[in-house]
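What follows is each chain in one-letter form.
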Amino acid sequence: PREEVAYVTCTYRCTGIEQPDFLATVDLNPRSAHYGQVTQRLAMPNLKDELHCAGWARPGCGCFESGAAGKRSKLLLPCLISSRIYVVDVGENCHREPRICKTIEPVDVFWKCNKAHLATARALPNGDILIANMGDPAGNAKGGFVLLDGESFELKGNWESECEVPPSGHDFWYQARHNVLLSSAGLVPKRAGRGFDPEDLKKGVFGRRLNVWNLSCRSLTQCFDLGEDSLPLTVRFLHNPEAAEAYVGCALSGAIFRFFKSCEANAWAVEEVIRIPPKDVSGWIMPKMP
C-alpha cells in the first residue's frame, strides 16, 4: 500500500534556538486536508542531540533471511553529537503520533563500545541493528559499528573486532545475497566541530576510503582510496537484492563512484562514473563550490 506518512529528523544545531531536536510526521495522503504538512512533532527529551540518519528496526524486503522480516514498527534515531540512541514506536496505534519507547544513553555506548558520534542505523539480515559511528568519545576519528539486539534493543557491543576498526566512518549498506557490506569514510568530529577547513582534506585529516566487509565473518576484505579530493559519504546498493552493484556519493569532489563485483573470485572494484564540475563563487570559504 502507498505510504500515508513520512518521518523526518529535524535539528536545531547552530541555529541559536535552544530547543530539543524533533521527529516530524508528514502527511502523504493526497486526499487528506493536511496533505504535505507536518502533523506532529515528537520532541526529544534532551538538548543538542543532533539527530542524524534514522533507520528501520526491520530489514528491507528482499534483503532479509528467512523469518527475519516483520512489520516495520520501530525507528532508530542515532545522534551525531550526543551519541544517544532513541527507539521510536511508529506502529499501527501510533504511526501518526510516534512515541519514544526506549533510550540508550551515551555513557553506555562510551563504556561498552568506546564509540561515539553515531551516524547511520540499519537492520541486518538477522534482525539485529547496526549503527555506524564517526568517532570515539574524545572526538577523534574512529570507524566501525555499534550493534543492538533487534528485539530488545539492548546494546550488544561492537560488531567488528578491535583489530578491524577502520580509521573513520559514516554510512554503510549491504547486499546479503553477496555476503558483502560496504562502508564509507567520514569527518573527524572534533575537527568538523570547529568549522570546515579545506586544507584539512589535503592533509589527509578526513577519510577518503571505501571499506569492503565480509558480512557473515564481520571482517575487512578490501579497501579503496578514492583520492585526496574525495570525501565518500553516502552508500547505496541497487534495490534488486541480486544486484552486485552500488553507488557512492562523494562530498567536495562532486564525484559518484560505482562499486561492483570484479571478474576475480570474491573481489570487488570501483570506478568513477560521474563528476560534476565545481562552480566559481565569491564570498565563500573556497573560490570554487563543489
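Counting of residues starts from 1 at the beginning of each chain's written sequence and follows it residue by residue. The predicted origin of the model limits local features to residues at a pLDDT of at least 70 and limits the giving and counting of side-chain atom pairs to 80 or more, whereas totals for whole chains, interfaces and linings rest on all residues. Just so you know, side-chain values use all the structure's heavy atoms and leave hydrogens and water out.

Okay, the sheet that holds strand E13 (residues 180-184) next. Each strand in a sheet pairs with its neighbour through backbone hydrogen bonds, running either in the same direction (parallel) or in the opposite one (antiparallel). At least two bridges found by DSSP between two strands is the condition for calling them paired. Each helix is a run of DSSP H or I of at least 4 residues and each strand a run of E of at least 2, with the numbering of both proceeding from the N terminus. Read from one edge of the open sheet, four strands run E12-E13-E14-E15, paired in antiparallel fashion. The open sheet terminates on both sides in strands that have one partner only, identified here as strand E12 (172-175) and strand E15 (219-225). Averaged over all neighbouring strand pairs, the angle between strand axes comes to 20°, with direction disregarded. Summarising the sheet, E12 and E13 pair through four bridges and their orientation is antiparallel. Residue pairing for E13: Gln-175 is matched across the bridge by Val-180. Axis geometry follows a simple rule: fit a line to the C-alpha atoms, using only the stretch in contact for helices, then measure angles between N-to-C directions, giving values from 0 to 180 degrees.

Let's shift gears to the domain arrangement of the protein. Where each domain begins and ends follows an automated or database-derived domain assignment. Under the domain assignment, the protein is made up of domain 1 (1-159) and domain 2 (189-289). Whether two residues touch is decided by their heavy atoms; if any such pair falls within 4.5 Å, the residues are in contact. Contact with domain 1, which involves 14 residues of that partner, is made by nine residues of domain 2. We define buried area as the total accessible area lost by two parts upon association, computed with a 1.4 Å probe and summed across both. Summing both sides of the interface, domain 1 and domain 2 together bury roughly 970 Å²; the carbon and sulfur share of this comes to 63%. Throughout this description, the term salt bridge denotes a Lys or Arg side-chain nitrogen within 4 Å of a carboxyl oxygen of Asp or Glu. For the pair domain 1 and domain 2, the interface holds zero salt bridges. Each polar contact in these results corresponds to two N or O atoms within 3.5 Å; when the atoms are within protein, one needs to be able to donate a hydrogen and the other to accept it, and residues that are neighboring in sequence are counted only if both atoms are side-chain atoms. The tally of links between domain 1 and domain 2 comes to three residue pairs in polar contact (both at pLDDT 80 or more). Class assignment of the residues belonging to the side of domain 1 that touches domain 2 gives a composition of eight nonpolar, five polar and one charged. Under the scheme applied, nonpolar residues are Ala, Val, Leu, Ile, Met, Phe, Trp, Tyr, Cys and Pro; charged residues are Asp, Glu, Lys and Arg; polar residues are all the others, including Gly.

Our next topic: the sheet that holds strand E17 (residues 245-251). Across the sheet, four strands lie side by side as E16-E17-E18-E19; this open sheet has antiparallel pairing. Each of the sheet's edge strands pairs with one partner strand only, and the pair in question is strand E16 (231-237) and strand E19 (268-275). Each strand axis lies, on average, 25° off the axis of its neighbour in the sheet, ignoring direction. With seven bridges connecting them, strand E18 (residues 255-261) and E19 associate as antiparallel partners. By the bridge assignment, Arg-258 is partnered in E19 with Glu-271.

Moving on to empty space enclosed by the protein. The definitions used throughout rest on a 1 Å grid laid over the protein atoms alone, on which a cavity is an enclosed set of points accommodating a 1.4 Å probe that cannot get out and a pocket is an open set flanked by protein within 12 Å on both sides along at least five of seven lines; lining residues are those having an atom within 4 Å of a point. Grid points are joined across faces, edges and corners, and a volume is the space filled by probe spheres set on the points. A complete count under the given rule lists one cavity of 30 Å³ or more for this structure. The volume enclosed by the largest cavity comes to roughly 40 Å³. For the largest cavity, the full set of lining residues is Ala-132, Asn-133, Gly-143, Gly-144, Phe-145, Pro-166, Ser-168, Gly-169, His-170, Ser-183, Ser-184 and Asn-211. Within the lining of the largest cavity, the residues separate by chemical class into three nonpolar, nine polar and no charged.

Relative to the helices and strands, Ser-168 is located in the loop between strand E11 (155-158) and E12. Taking the relative accessible area as the measure of exposure, Ser-168 reaches 8% and is therefore buried. Counting along the chain gives 42 residues from Ser-168 to Leu-210, while the straight-line C-alpha distance between them is 10.0 Å. Setting aside residues up to four positions removed in sequence, Ser-168 forms contacts with Ala-141, Lys-142, Gly-143, Ser-184, Ala-185, Gly-186, Gly-207 and Asn-211. When a residue's accessible area, from a 1.4 Å probe over protein chains only, is under 20% of the maximum for its type it is buried; when over 50% it is exposed; and in between it is partly exposed.

Bringing the environment of Val-146 into the picture now. Tracing the chain through its elements places Val-146 in strand E10 (residues 145-148). You can call Val-146 buried: its relative accessible area is 0%. Those residues within four positions of Val-146 in sequence are excluded, and the remaining contacts are Val-109, Cys-113, Lys-115, Leu-118, Ile-129, Leu-130, Ile-131, Leu-155 and Gly-157.

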